[in-house]
Amino acid sequence: MRGADSYRSPFETESTAGALLDATGTVLGWSAAAQELLDLPPEEVCGRPVSALLADPGSWQDVLAQRTGAAWVGRASLRHGSRGTLDIDFRVLPLDAGLAGEPRATGDQRLLVLGAPSALVAKWRQDHAFTQQLFLQDRIGLAVFDHELRLLRTNSHLLPYGGIPADLSGFRVEDLLQPEDARSITAHLREVLHTGVPQFGMETRVRTLDDFGDGRVMMFTAFRLQESDDPPIGVTIAFTDVTDFDKARQRLEIMHRCTVALGSSLSVTRLTEDLVAVLAPALADFAAIDIVQAVLTGEEPTPDHQRPTALRRTATAGTDPGPQARGPISAPLLARGGFLGAVTLWRGRDRPPFEEENLTLLQEIATRAATSLDNARRYTREHRAAVSLQRSLLPPAAADNAAAQTDSIYLPTDAASGVGGDWFDVIPLSSARVALVVGDVVGHGLQATATMGRLRTAVRALADLDVDPEELLLHLDDLVSQFSVEAAGAAGEAALGNDGYGDEESAGEAVGDGDVEEEHGQDAGPPDAVGATCLYAVYDPVSRTCTVASAGHPPPAVVRPDGSVEYVRLNPGPPLGVGGLPFEPVEFEVPPGSVLVLYTDGLVERGEGDLDEGMAELRSRLLKADVLRRPLKEVGRDVTAGLPPVRLPDDVTLLLARTRTVPPEDTASWTLDADPVVVSRARKLVTAQLERWGLDDLVFPTELVVSELVTNAIRYAGGPVGVRLIRAGVLICEVSDPSSTQPRMRRALATEEGGRGLFLVAQVSSRWGSRYTRVGKTIWSEQPLPPPEAPAGA
């Protein structure tokens, strides 16, 4: 048997080998199939006893011993014309009736013997048993359809509940299932029938005509039935009920989506909004989360046994089904013994009511949500503390002095690791100058904030010495290197358990809630390296120049009086803490009315492109902001308006300075020889200038200052000696000499005739000091200007 015959019994096909015997066992007829099977021609077989076909003629009695009646089956080993022997299963059928139906005489009895290879018969029996057992079992459903997709046979009911007739023969899928489900299955079956390509693992929801609920989820495998080259005779499908598996998969998917939503933010409000967006419609038509007010402000929630009655609804999603709603179903938000709120779900009438497994899933989601919300609450508390600390370390947002009017914008990061280390400062210097500073400490969190505070204090201390920008950055670089050494030592002690506290409990109290820091990625211990960038600029309103030096910081921008915006061409040095490389200053002229723009990289590096793109965008924003004619506060808001409203990856600092100038008529300067006789001349020059300015009340103290400082310059430094007066909000008196020796004020003894000069200068001045210059030093003194006289008759 070959091809299509393998689907039928080996004894029921046209190609079955057959022989016709008489009552004595003589072969009377030999079919073509028999000749092909044994490779023996009819002339060699017919007319001879059938026992001659045995491979062992002596086994004839053994063959006859298998007879059980008139018709019987057996097995024998026959000789093969070309291959030796062949095992054959045979069936003996008596031909008892004649042509007209009359009984044959005993001597005329004929026997029909049908035979097939034993291996083929065994295979057929295995296939038959396998098919039979398939239709007897009920773990895997089987259904056979004809070529018109009518049911022929099934091993069980298609579905384990009502709505399906007991006898399915002749039914179509459309007769049993909801139209939508029937169309889906029929389309797949028709495709398999037409293409012959099996389909595996098809999943579809199955609902009977009586079922308007969720139904069952079935997984189908379909293949075409066809014999050889004949037309297809139908389609068979094997199906399994995967409803429970599908529900489990849906639960896992919902849980996964909720977990992703709960990990998307450290904002309590944002977390609740993201969570309800998943719950509705995944589990309900409408979802709401109500939170205790204390959680929103970062305070400790009330214990579970003291649940408050007043909650604040922070998030909703979906469509409220109204009075016809099914439910609610609710779960409390409990974390670390505290009650944070509750999550509640509702369903409309078009969805099935909640089941116990829905509540179990919601409770699991609520448990995870409560932990995330409590972490967000604790982060809110720490973030607010860090932001408050950082803001307390920064100067006022706006400042106004003789050199510039300034305003600033500071936006702290909302990153999980905490606020950053950005800072800015506006430092009044001598001679009406002003220092503008922006910096950025590497990293985030309280450690960066503390380092920022130390650096700002150091910058102010160095600025008070009136050193040049490049020298200030050099000193600051050394200081940051020392910070790194200290941090590395502290980290080593922490690794050895020597954290400086008496025991673990006190150490935990000192650090605070360490588990929150771990959950949010903060480094509980100090880092082993400290780094920062800094830009230091000094603007002189008298010379209308600005000197800038940078330690790895982006260059400032200048908005010129014509409205154009340019970046200062800098050659920035390395970030602070690298060491070993100099910092190069750049001096440029600042046209009157210009605005200087200083910023940190958080404004130009937002993860959307490189630094050049961010700087180009900043320049475009400055051009659109009408910087020259609008208040600086409004300009700052416009420039930072495009930043994300919820979460910034880094701190953003923007410092705007509208420069002022001191007109030439408000300054006067003279150069004197190193001769004691010029002291009186200096007093006369100063007196005349003050009288021209109408500052007669300041003549005496200014003469005293000039006399003492010029005398000391001539006596200890030599000439030439420079004297300059500046009227810029205060009266500034400067005396310069070629010596680099700084003066030192001391308390003179009662018996000494000298040593009281600087003491007298300090007594008549509101502020005084000394600074190095490129050719020596300058000692300066400031006196407040007298209030303007009220108009007559006022």
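Residues numbered from 1 in each chain as written. Predicted model: local features only at pLDDT ≥ 70, side-chain atom pairs only at ≥ 80, totals over all residues. Heavy atoms only, no water.

Trainee: How should I be thinking about a negative patch on the surface in this particular structure?
Mentor: A cluster of acidic residues, E605, D610, D612 and E613, forms a negative patch on the protein surface. Tracing the backbone shows D612 in helix α14 (residues 611-624). (Patch = residues over 30% accessible without salt bridge, like charges linked within 9 Å, V, L, I, M, F, W, Y side chains within 5 Å. Areas by Shrake-Rupley, 256 points an atom, 1.4 Å probe, with all protein chains shown as cover. Salt bridge = Lys/Arg side-chain N within 4 Å of Asp/Glu carboxyl O. Lys, Arg positive; Asp, Glu negative; His and termini not counted. Charge placed at Lys NZ, Arg CZ, Asp CG, Glu CD. Helix = DSSP H or I, 4+ residues; strand = E, 2+ residues; numbered from the N terminus.)

Trainee: For this particular structure, what's the right way to read the packing of helix α17 (residues 699-716) against helix α18 (residues 757-764)?
Mentor: A packed helix pair is summarised by two numbers, namely the angle formed by the two axes and the spacing between the axes. The contact between α17 and α18 brings their axes to 9 Å, and the two run at 155 degrees. Classified by the angle between their axes, α17 and α18 sit roughly antiparallel to one another. Like other packed secondary-structure pairs, α17 and α18 cross with a definite hand, here left-handed. Contacts between α17 and α18 pair P701, L704, V705, E708 and L709 from the former with G757, L758, L760, V761 and V764 from the latter. Considering only residue class, the contact of α17 with α18 consists of eight nonpolar, one polar and one charged. (Axes fitted to C-alpha atoms, helices over the stretch in contact; angles between N-to-C directions. Parallel < 35°, antiparallel > 145°, perpendicular 65-115°, else oblique. Left-handed = near helix turned anticlockwise from the far one by under 90°. Contact = heavy atoms within 4.5 Å. Nonpolar A, V, L, I, M, F, W, Y, C, P; charged D, E, K, R; others polar.)

Trainee: So what exactly am I meant to see when it comes to helix α4 (residues 118-136) here?
Mentor: Helical geometry: 3.6 residues make up each α-helical turn, so side chains three or four residues apart lie on a common side. Counted at 1.5 Å a residue, the expected span for α4 with its 19 residues is 27 Å, and the 27 Å between its end C-alpha atoms agrees. What α4 keeps buried is the set S118, L120, V121 and F135. Considered in projection along α4, the buried side chains sweep an arc of 160 degrees and stay on one side of the axis. Turned more than 90 degrees away from the buried face of α4, the exposed residues are A119, Q126 and F130. Looking at the buried side of α4, the elements it contacts are β3 (72-80), β4 (84-95), β5 (110-117), β6 (141-146) and β7 (151-154). (Expected span 1.5 Å × (residues − 1). Buried < 20%, exposed > 50% of the residue type's maximum accessible area, 1.4 Å probe, protein only. Arc of directions from axis to C-beta.)

Trainee: Looking at this structure, how should I read the sheet that holds strand β21 (residues 545-551)?
Mentor: Hydrogen bonding along the main chain pairs the strands of a sheet, whether they run parallel or antiparallel. Read across the sheet, five strands follow the order β18-β19-β20-β21-β24 without closing on themselves; strand pairing throughout is antiparallel. Two strands lie at the open edges of the sheet, namely β18 (420-428) and β24 (586-589), each paired on one side alone. Direction aside, neighbouring strands of the sheet carry axes that sit 15 degrees apart on average. Looking at chain direction, strand β19 (residues 434-444) and strand β20 (residues 532-540) are connected through eight bridges and run antiparallel. Bridging across to β20, V438 finds its partner in L535. Of the strands in this sheet, β18, β19 and β20 are in contact with helix α10 (residues 446-464), which crosses β18 at around 20 degrees. (Pairing = 2+ DSSP bridges.)

Trainee: Please explain the environment of Q363 as it appears in this structure.
Mentor: Here Q363 is to be found in helix α9 (residues 356-393). With a relative accessible area of 41%, Q363 lands in the partly exposed category. For the pair Q363 and S330, spaced 33 residues apart in sequence, the C-alpha separation works out to 8.3 Å.

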